[in-house]
Amino acid sequence: MTGDAAVEAQKWVQLTATRLEGLGKILVNGAGLTLYRFDEDTAKPSKATCNGECAAKWPPVTVKAGGKIFIAGVAKKDVGVVKRDDGALQVTVKGWPVYRFAKDVKAGDAKGQGVGDTWFGVRPDGGKAGTEATEPTTAPEQGSDQQGDEQQGNQQEQGGKQESIPAKRVVLFSGFSFNVFDDDAGSQVIEPATAPDGGCVNALDPGTASSIAFDGLVKVWTGADCTGESKELGAVDAENVGGIADLRDIDFNNKIQSVKLLG
């Protein structure tokens with residue numbers, strides 16, 4: 001089986017901006033694993049050239065048609081997809097196809113940085129991690145391979161500075177690491193349009209959430225109707241920006257019974 005054939009497109013992808021020592025600002029996936037760009041690819045037009053054995057070592061970040069891309073700390077306009085040679089849709093940032101590195105096994109690993117002098121962590125602006133943010137990058141032309149309806153926005157650039165803003169989308173997951181792929185796993189999407197006056201929404205399956213994704217400020221509660229113990233999440237300068245893959249980290253695993261989008 002080729003590297004490409006072994007890659008299973010996901011129906012849900014998370015891109016989160018964080019900082020790694022020595023590399024500065026960088027993008028990670030929902031599990032906190034470093035994301036990379038490849039110098040032999042192109043951004044305008046977007047083109048992914050890592051296939052076969054290369055893709056086995058550098059798995060492309062792919063999303064199913066109609067899937068969702070949740071973002072935190074990266075501009076919505078900079079996120080898209082490109083069709084790979086095998087027909088899969090690969091996530092792009094500022095036109096650059098995005099990959100993982102097979103040797104990165106835990107959050108904070110960046111073993112792929114500088115490999116072959118062609119692989120680099122990808123910054124939220126599409127540039128190379130560890131280089132100056134002024135490096136010019138180009139956005140791809142809009143076309144049939146970029147599915148605008150597969151992108152979900154969150155923090156927008158405002159005068160070059162990102163500010164904490166109210167969440168427009170929160171997703172509760174019954175599995176750790178935003179797992180929606182197991183048959184027994186469940187999820188609940190919470191948006192302002194579905195929230196009653198006051199913004200408090202009760203969990204459909206209370207006390208079962210083990211991970212949470214959010215694109216801005218949100219508050220979670222241990223009781224129904226936003227009562228009981230609570231925690232505020234989602235500030236752009238917080239370590240948990242974009243989501244928490246394991247709610248045990250904040251002692252909230254299987255405790256969330258209601259959520260409030262902070263306005």
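Fair warning: this is a prediction, and the values are worked out from it, not measured in the lab.

## Considering the overall build of the protein
Turning to step 1, where the next piece is worked out: The helix and strand inventory of the protein stands at two helices and 18 strands.
Turning to step 2, where the next piece is worked out: Here the protein holds 263 residues, and the buried ones make up 50% of them.
Turning to step 3, where the next piece is worked out: Put simply, of all contacts in the protein between residues at least 6 apart along the chain, 70% involve residues at least 24 apart.
Turning to step 4, where the next piece is worked out: When the accessible surface of the protein is split by element, carbon and sulfur atoms take 47% of a total near 12200 Å².

## Examining the side chain of Asp246
Turning to step 1, where the next piece is worked out: Residue placement: Asp246 occurs in the loop between strand 17 (243–244) and strand 18 (258–261).
Turning to step 2, where the next piece is worked out: Within polar-contact distance, the side chain of Asp246 engages the side chain of Arg248 at 2.8 Å.
Turning to step 3, where the next piece is worked out: In this structure Asp246 touches Phe176, Ser210 and Ser211, once residues within four positions along its chain are discounted.

## Digging into the environment of Cys226
Turning to step 1, where the next piece is worked out: With respect to the secondary-structure elements, Cys226 resides in the loop between strand 15 (218–223) and strand 16 (227–233).
Turning to step 2, where the next piece is worked out: Spatially, the C-alpha atom of Cys226 lies 6.6 Å from that of Val259, the residues being 33 residues apart in sequence.
Turning to step 3, where the next piece is worked out: Discounting chain neighbours no more than four positions away, the residues touching Cys226 are Cys200, Trp221, Ser258, Val259 and Lys260.

## Quick look at the nonpolar core
Soluble globular proteins: nonpolar side chains tend toward being buried together.
Turning to step 1, where the next piece is worked out: Formed by 20 residues in total, the largest nonpolar core has its most connected members in Val170, Ile212 and Ile256.
Turning to step 2, where the next piece is worked out: Elements that contribute at least two residues to this core include exactly strand 11 (170–173), strand 14 (211–214), strand 15 and strand 18.
Turning to step 3, where the next piece is worked out: Not counting residues within four places of it along the chain, the set of residues in contact with Ile256 comprises Leu172, Ala203, Pro206, Gly207, Ala209, Ile212, Val220, Trp221 and Leu247.
Turning to step 4, where the next piece is worked out: Counting 17 residues, the second-largest nonpolar core is a separate cluster that includes Leu35, Val61, Val63 and Val74.

## Regarding the pairing of strand 12 (residues 187–190)
Turning to step 1, where the next piece is worked out: The side-chain alternation of strand 12 yields one buried face, formed by Gln188 and Ile190, and one unburied face, formed by Ser187 and Val189.
Turning to step 2, where the next piece is worked out: Pairing of strand 11 with strand 12, which is carried by four bridges, proceeds in the antiparallel orientation. Its bridge partner being in strand 12, Val170 is matched across the sheet by Ile190.

## Observations concerning the packing of aromatic side chains
Turning to step 1, where the next piece is worked out: Taken as a whole and judged by the stated rule, the model has six aromatic pairs.
Turning to step 2, where the next piece is worked out: Ring centres of Tyr36 and Trp58 lie 5.5 Å apart, and the angle between their planes is 80 degrees; on these two criteria the pair is classed as edge-to-face. In this pair, Tyr36 sits in strand 3 (residues 36–38) while Trp58 sits in the loop between helix 2 (53–57) and strand 6 (62–72), placing the two residues 22 residues apart along the sequence.
Turning to step 3, where the next piece is worked out: We classify Trp58 as buried; its relative accessible area is 5%.
Turning to step 4, where the next piece is worked out: Residue placement shows Arg37 over the ring face of Trp96; its charged tip is 3.8 Å from the ring centre.

## Some details on the sheet that holds strand 13 (residues 200–202)
Turning to step 1, where the next piece is worked out: Judged by pairing direction, the sheet is antiparallel, and its four strands sit side by side in the order 13-18-15-16 without closing on themselves. Strands at the two margins of the open sheet, each flanked by one partner only, are strand 13 and strand 16. For this sheet, the mean inter-axis angle between neighbouring strands, taken without regard to orientation, is 25 degrees.
Turning to step 2, where the next piece is worked out: Two elements, strand 13 and strand 18, share three bridges in a ladder whose sense is antiparallel. Residue Cys200 lies in a different strand from strand 18, and its bridge partner there is Lys260.

## Here's the deal with the state of the cysteines
Turning to step 1, where the next piece is worked out: All chains considered together, the criterion is met by two disulfides.
Turning to step 2, where the next piece is worked out: Covalent S-S linkage joins Cys50 and Cys54, the inter-sulfur distance amounting to 1.9 Å. Taking the torsion about the sulfur-sulfur bond, which here is approximately -110 degrees, the covalent link between Cys50 and Cys54 counts as left-handed.
Turning to step 3, where the next piece is worked out: Between the sulfur atoms of Cys200 and its disulfide partner Cys226 the distance amounts to 2.1 Å. Because the torsion about its S-S bond is 110 degrees, the bridge between Cys200 and Cys226 counts as right-handed. Here Cys200, found in strand 13, pairs with Cys226, found in the loop between strand 15 and strand 16; they are 26 residues apart in sequence, far enough to count as distant.
Turning to step 4, where the next piece is worked out: According to the relative accessible area criterion, Cys200 is buried, its value standing at 19%.
Turning to step 5, where the next piece is worked out: Residue classification places Cys226 among the buried residues on the basis of a relative accessible area of 14%.

## Topic: the sheet that holds strand 12
Turning to step 1, where the next piece is worked out: Read across the sheet, four strands follow the order 12-11-14-17 without closing on themselves; strand pairing throughout is antiparallel. The sheet is open, and its two edges are formed by strand 12 and strand 17, each paired on a single side.

Analysis parameters
Residues numbered from 1 in each chain as written. Predicted model: local features only at pLDDT ≥ 70, side-chain atom pairs only at ≥ 80, totals over all residues. Heavy atoms only, no water. Helix = DSSP H or I, 4+ residues; strand = E, 2+ residues; numbered from the N terminus. Buried < 20%, exposed > 50% of the residue type's maximum accessible area, 1.4 Å probe, protein only. Contact = heavy atoms within 4.5 Å. Areas by Shrake-Rupley, 256 points an atom, 1.4 Å probe, with all protein chains shown as cover. Polar contact = N/O pair within 3.5 Å; in protein donor to acceptor, adjacent residues only side chain to side chain. Core = buried A, V, L, I, M, F, W, Y, C linked by side-chain atoms within 4.5 Å. Pairing = 2+ DSSP bridges. Phe/Tyr/Trp six-rings, centres within 6.5 Å; stacked < 30°, edge-to-face > 60°. Lys NZ or Arg CZ within 6 Å of the ring centre and 35° of its normal. Axes fitted to C-alpha atoms, helices over the stretch in contact; angles between N-to-C directions. Disulfide = S-S within 2.5 Å.

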